[in-house]
Amino acid sequence: MDQLRETDSQIAELIQREAARQANVLRMIPSENYASAAVLTATGSILANKYSEGYPRKRYYQGQEFIDQIEEVAVQRARALFGAEHANVQPYSGSPANMAVYLGLLGAEGRVMGMDLAAGGHLTHGAKVSFSGSYYDVRQYGLSRENGLIDYEAARRLAREFRPQLIFCGASSYPRIIDFAIFGEIAREVGAFLAADISHISGLCVTGLHPHPLPHADVITTTTHKMLRGPRGGMILCRAGLAPAIDKAVFPGLQGGPHNHVTAAIAVALKEASGTAFVEYCRQIVANAKALADELMARGFKLITGGTDNHLALIDASCRGLTGKILAQAMEKAGIVANANKIPFDPRSANDPSGVRLGTPALTSRGMKEPEMRRVAALIDRVTDVVGDEAALAKIRAEVEEMCAAFPAPGIA
């Protein structure tokens, strides 16, 4: 940071303050994590200097001798980790990766089915405010009112009626197992492509802690941050027969040159994820989420679906007479950072929803285990009793900072 301080002390100071924040709070937004020092080093390397339109050995610029090797390593590691026939590591993030799937498989228009945003799906799965819902003819499936689980039979009926060309499965706030096999059956029945967006659960899928979307899905998309603990990027994995269409959609369809420093950091993260330590890490994520959920419910919190199978839990804050936004804001003042989130069949708006989404990947990266999760649940319980009491929230924050000091954040000096 010394050179940055000399050049731009203002930005250097803000980065240092953000590093301190990340080190001293409980980061529980499920999509956030800590990248290793090795990943951060690659991300901040001189590879940011190089432009590389095209693919390895087929570039439009010269000077690609080492860039090609880096991307080839990343592709090989992605294919090996996910068991995929083809991998594209160039998407700038998860949403561009999904956009490339639409363009590559459907072109500029077509019929799509995706999980409703309010049910836990993602913006790019057909939400009206997204490109996916604006440019494509979309019908969305959702959850059972009885148990809050994906209503697979309703999705099947919708597919038979609508005859989509592409079905997206995957979620951003769904705490249970997704049955990719059933979605594969539905897609085959109606002659649709199946795309599985596993950005949130990629680590669980590759370590056997959640069913893998292969061989049911034609295409898999994922971010490279979140559970994979890489840089902010995306990947597309697909059948070999779809590789030309997917690659063409990424470049030149949607993007120019790849971000080579990100590609290198993805390769590093994929190597880290291929080791036995990563399997144990993912196992602990799930164990932590279950311990957190169980303790919250024991303290009287209402959780959507009554628990979790993966890395996240969703609180219905109305059980404490609060909105999700009010609870999330109070938790942040106490040093517990989560996000307000809509719950299934939420009567409230997305700007002030009923739920709070909690995840365990970042806390697990710090080395926290089940005892710490029970303590976190107790802290959240206390927050709900002192909403609006700044002094009481500050006292909880001091306890959080003490807890964080015992579990240093990876990648932060």
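The rules we used
Along every chain, residues carry numbers that run from 1 in the direction the sequence is written. Thresholds applied to this predicted model are a pLDDT of at least 70 for local features of residues and 80 or more for the giving and counting of side-chain atom pairs; totals over whole chains, interfaces and linings are not thresholded and use all residues. Each side-chain value is derived from all of the structure's non-hydrogen atoms; neither hydrogens nor water enter the calculation. Think of it this way: any DSSP run of H or I at least four residues long counts as a helix, any run of E at least two long counts as a strand, and we number them from the N terminus. In this description, contact between two residues means that some pair of their heavy atoms is separated by no more than 4.5 Å. Side-chain rings of Phe, Tyr and Trp (the six-membered ring for Trp) are treated as a pair once their centres are within 6.5 Å; stacked means planes under 30 degrees apart, edge-to-face means over 60, and tilted covers the remaining angles. Any residue under 20% of the maximum accessible area for its type is buried, any over 50% is exposed, and the rest in between are partly exposed; the area is computed with a 1.4 Å probe on protein chains only. Strands were regarded as paired on the criterion that DSSP finds at least two bridges between them. Viewed with both strands pointing away, a crossover whose connecting path from the first strand over the helix to the second turns clockwise is right-handed. UniProt positions are given in the numbering used here, feature names are shortened, and annotations may be inferred rather than shown by experiment. The convention used is that axes are lines fitted to C-alpha atoms, helices contributing only their stretch in contact, and that angles between N-to-C directions extend from 0 to 180 degrees. For each structure, a 1 Å grid was placed over the protein atoms alone; sets of points admitting a 1.4 Å probe that cannot get out are labelled cavities, open sets with protein on both sides within 12 Å along at least five of seven lines are labelled pockets, and lining residues have an atom within 4 Å of a point. Grid points are joined across faces, edges and corners, and a volume is the space filled by probe spheres set on the points. Each residue is assigned to one of three groups, with Ala, Val, Leu, Ile, Met, Phe, Trp, Tyr, Cys and Pro labelled nonpolar, Asp, Glu, Lys and Arg labelled charged, and all others, Gly among them, labelled polar. An automatic or database domain assignment provides the domain bounds reported here.

1. Concerning the side chain of threonine 124
Line of reasoning, step 1. Within the secondary structure, threonine 124 sits in the loop between strand S5 (111-115) and helix H6 (131-135).
Line of reasoning, step 2. Every residue in contact with threonine 124, bar those within four places of it in the chain, is listed here: Ser95, Asn98, Tyr102, Ser130, Phe131 and Ser132.

2. Overview of the packing of aromatic side chains
What characterises a pair of aromatic rings is the spacing of the ring centres plus the angle enclosed by the ring planes.
Line of reasoning, step 1. Under the counting rule described, the total for this entry stands at nine aromatic pairs.
Line of reasoning, step 2. Considering the side-chain rings of tyrosine 55 and phenylalanine 251, the 6.4 Å spacing of their centres and the 75 degrees angle between planes classify their relative orientation as edge-to-face. Within this pair, whereas tyrosine 55 is found in strand S2 (residues 54-55), its partner phenylalanine 251 is found in helix H10 (residues 243-254), the two being separated by 196 residues in sequence.
Line of reasoning, step 3. When its relative accessible area of 17% is taken as the criterion, tyrosine 55 is described as buried.
Line of reasoning, step 4. On the basis of relative accessibility, which here comes to 10%, the residue phenylalanine 251 falls in the buried class.
Line of reasoning, step 5. Their ring planes at 40 degrees and their centres at 5.8 Å tell us that phenylalanine 278 and tyrosine 281 sit as a pair that is tilted. Of the two residues, phenylalanine 278 and tyrosine 281 are both situated in helix H12 (residues 276-298); the distance of three residues between them amounts to about one turn of the helix.

3. Observations concerning the pairing of strand S8 (residues 193-197)
Line of reasoning, step 1. Buried residues dominate S8, accounting for four of its five residues.
Line of reasoning, step 2. Relative to S8, strand S7 (residues 166-169) runs parallel, the two sharing four bridges. Each residue of the ladder has a partner; that of cysteine 169, found in S8, is alanine 196.
Line of reasoning, step 3. On the question of chirality, the crossover connecting S7 to the parallel S8 by way of helix H8 (residues 180-190) is right-handed.
Line of reasoning, step 4. Pairing between S8 and strand S9 (residues 219-223): three bridges, direction parallel. The partner of alanine 195 across the bridge, within S9, is valine 219.

4. Some points on the UniProt feature "binding site: (6S)-5,6,7,8-tetrahydrofolate" (unreviewed entry) in the protein chain
Line of reasoning, step 1. What UniProt calls "binding site: (6S)-5,6,7,8-tetrahydrofolate" (unreviewed entry) maps, in this numbering, to Leu117, Gly121, His122 and Leu123.
Line of reasoning, step 2. Along the polypeptide, leucine 117 turns up in the loop between S5 and H6.
Line of reasoning, step 3. Excluding its chain neighbours within four sequence positions, the residues that come into contact with leucine 117 are His122, Leu123, Ala127 and Gln140.
Line of reasoning, step 4. Locating glycine 121 in the fold gives a position in the loop between S5 and H6.
Line of reasoning, step 5. Judged by relative accessible area, glycine 121 falls into the buried class, the value being 1%.

5. A short note on the UniProt feature "site: Plays an important role in substrate specificity" (unreviewed entry) in the protein chain
Line of reasoning, step 1. As recorded in UniProt, the feature "site: Plays an important role in substrate specificity" (unreviewed entry) lies at His225.
Line of reasoning, step 2. You can see histidine 225 is positioned in the loop between S9 and strand S10 (234-238).
Line of reasoning, step 3. Assessed through its relative accessible area of 9%, histidine 225 is described here as buried.
Line of reasoning, step 4. When sequence neighbours within four positions are dropped, the list of residues in contact with histidine 225 reads Ser31, Ser93, Gly230, Pro231, Arg232 and Gly233.

6. A look at the sheet that holds S10
Line of reasoning, step 1. The seven strands are arranged S4-S10-S9-S8-S7-S5-S6 in an open sheet whose pairing can be described as mixed. Because the sheet does not close on itself, it has two edges, and the strands there are strand S4 (86-88) and strand S6 (137-141). Strand after strand, the sheet turns through a mean of 20 degrees between neighbouring axes, direction not considered.

7. Here we look at the sheet that holds strand S13 (residues 339-341)
Line of reasoning, step 1. An order of S11-S14-S13 is seen for the three strands of this open sheet, with the pairing classed as antiparallel. Of all strands in the sheet, those bounded by a partner on one side alone are strand S11 (312-316) and S13. For this sheet, the mean angle separating the axes of adjacent strands, direction not counted, is 35 degrees.
Line of reasoning, step 2. Here S13 pairs with strand S14 (residues 355-359) via three bridges, running antiparallel.

8. A look at empty space enclosed by the protein
Gaps between atoms show up when a probe of the same size as a water molecule is rolled over them.
Line of reasoning, step 1. Counting across every chain of the model gives two cavities of 30 Å³ or more.
Line of reasoning, step 2. Computed from the structure, the largest cavity encloses a volume of approximately 80 Å³.
Line of reasoning, step 3. For the largest cavity, the lining is made up of 15 residues, of which Ala171, Tyr174, Ile178, Ile201 and Asn310 are closest to its centre.
Line of reasoning, step 4. Residue classes in the lining of the largest cavity are distributed as six nonpolar, seven polar and two charged.
Line of reasoning, step 5. When residues are assigned to domains, the lining of the largest cavity turns out to be shared by domain 1 (40-272) and domain 2 (282-405), each giving three or more.
Line of reasoning, step 6. In this structure, the second largest cavity encloses a volume near 30 Å³.
Line of reasoning, step 7. Lining the second largest cavity, in full, are Ala118, Ala119, Gly120, Leu143, Ser173, Tyr174, Pro175, Ile304, Leu314, Lys342 and Pro344.
Line of reasoning, step 8. For the lining of the second largest cavity, the residue count by class is eight nonpolar, two polar and one charged.
Line of reasoning, step 9. Both domain 1 (40-272) and domain 2 (282-405) contribute no fewer than three residues apiece to the lining of the second largest cavity.

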